[in-house]
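Listed here are the chains, written in short residue letters.
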Amino acid sequence: AQEPTRAAQLAAAELQWHIEQITGITMPVVKDNRVVRGTQILVGESAATVALGLHSADFKPQEYLVRVRPDVIVLMGRDKDDRQPFDYANHTTWPGWYDEQATTYAAYDFLEKLCDVRWYLPTELGICLPRRPNLAVSEIEIRRVPAMTTRDTWRGGNFPADLCGDSVTGGHPIP
């Protein structure tokens, strides 16, 4: 969108980072006012998703859609209407713990189910992803509501240093 939600901004950033790790190619993130050639990945509600008849307001809380077709991939859901600036390097600008962020869930589902990404531990040390020069995904349509409407983690201590790749400081505080 021209003014995407924070959840859509996070989803686009996560897709960009993970796909670059898989293929070595940095996909551009562009807004509605730019023409895109080739297969498009539509992240969050935008003029393009509305043209396809898809509106975030038609989704239940936290419901999302992963739709893969030959010419377009749609990753969207019902997000909190928060369009504040987002900075991938600053976690305080990410969607809140209890905010609706279904577009982000759509991106993670896409990465896990269709790109074979797995997250086992925090930091890059715990991410398993295939390395390949090209990324091909099959046509699919997934529309679902997660069983848990909110997600949280235990934040009561430090990650052990050996899980963070940091033997100097003795671990990282859990944000």
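Residues numbered from 1 in each chain as written. Predicted model: local features only at pLDDT ≥ 70, side-chain atom pairs only at ≥ 80, totals over all residues. Heavy atoms only, no water.

## Structural notes on the nonpolar core
So, point 1. Core analysis: the largest hydrophobic core is formed by 24 residues, its most contacted members being L15, V66, L75, F110 and V117.
So, point 2. For this core, the secondary structure elements donating two or more residues are α1 (6–23), β2 (64–68), β3 (72–77) and α3 (102–115).
So, point 3. When residues in this core are grouped by element, the largest group, 8 residues, is from α3.
So, point 4. With sequence-adjacent residues up to four places away left out, V66 is seen in contact with V74, L75, A106, D109, F110, L114, I140, E141 and I142. (Core = buried A, V, L, I, M, F, W, Y, C linked by side-chain atoms within 4.5 Å. Buried < 20%, exposed > 50% of the residue type's maximum accessible area, 1.4 Å probe, protein only. Helix = DSSP H or I, 4+ residues; strand = E, 2+ residues; numbered from the N terminus. Contact = heavy atoms within 4.5 Å.)

## Section: α1
So, point 1. Taking 1.5 Å of rise per residue, the 18 residues of α1 would be expected to cover 26 Å, and the 26 Å separating its terminal C-alpha atoms lies within 8% of that figure.
So, point 2. The element α1 is largely enclosed, with a buried count of 14 among its 18 residues.
So, point 3. One or two residues past the end of α1 sits G24, with phi positive at roughly 85 degrees. (Expected span 1.5 Å × (residues − 1).)

## Considerations on the sheet that holds β2
So, point 1. Spatially, the 4 strands line up as an open sheet ordered β1-β3-β2-β6, and their pairing is mixed. With partners counted over all chains shown, the strands left at the sheet margins are β1 (40–43) and β6 (140–144), one partner each. Strand-to-strand, the axes of this sheet are offset by a mean angle of 5 degrees, without reference to chain direction.
So, point 2. As judged from the 5 bridges shared by β2 and β6, these two strands associate in the antiparallel manner. Directly across from V66, in β6, lies its bridge partner I142.
So, point 3. Here α1 sits on the sheet and contacts β1 and β3; the angle it forms with β1, its principal contact strand, is near 145 degrees. (Pairing = 2+ DSSP bridges. Axes fitted to C-alpha atoms, helices over the stretch in contact; angles between N-to-C directions.)

## Observations concerning the side chain of Q62
So, point 1. Within the secondary structure layout, Q62 lies in the loop between α2 (47–51) and β2.
So, point 2. Assessed through its relative accessible area of 4%, Q62 is described here as buried.
So, point 3. Within the structure, the side chain of Q62 is placed 3.0 Å from the backbone nitrogen of Q101, a separation counted as a polar contact. (Polar contact = N/O pair within 3.5 Å; in protein donor to acceptor, adjacent residues only side chain to side chain.)

## Observations concerning the layout of surface pockets
So, point 1. The space that makes up the second largest pocket amounts to roughly 1,000 Å³.
So, point 2. Around the second largest pocket, the lining comprises 37 residues; the ones closest to its centre are M27, P28, Q40, I41 and L42.
So, point 3. Only α1, β1 and α2 provide two or more residues apiece to the lining of the second largest pocket.
So, point 4. With 8 residues, α1 is the largest single contributor of residues to the lining of the second largest pocket.
So, point 5. Among the residues forming the lining of the second largest pocket, the class breakdown is 25 nonpolar, 7 polar and 5 charged. (1 Å grid on protein atoms, 1.4 Å probe; cavity = no way out; pocket = protein on both sides within 12 Å on 5 of 7 lines; lining within 4 Å. Points joined across faces, edges and corners; volume = space filled by probe spheres on them. Nonpolar A, V, L, I, M, F, W, Y, C, P; charged D, E, K, R; others polar.)

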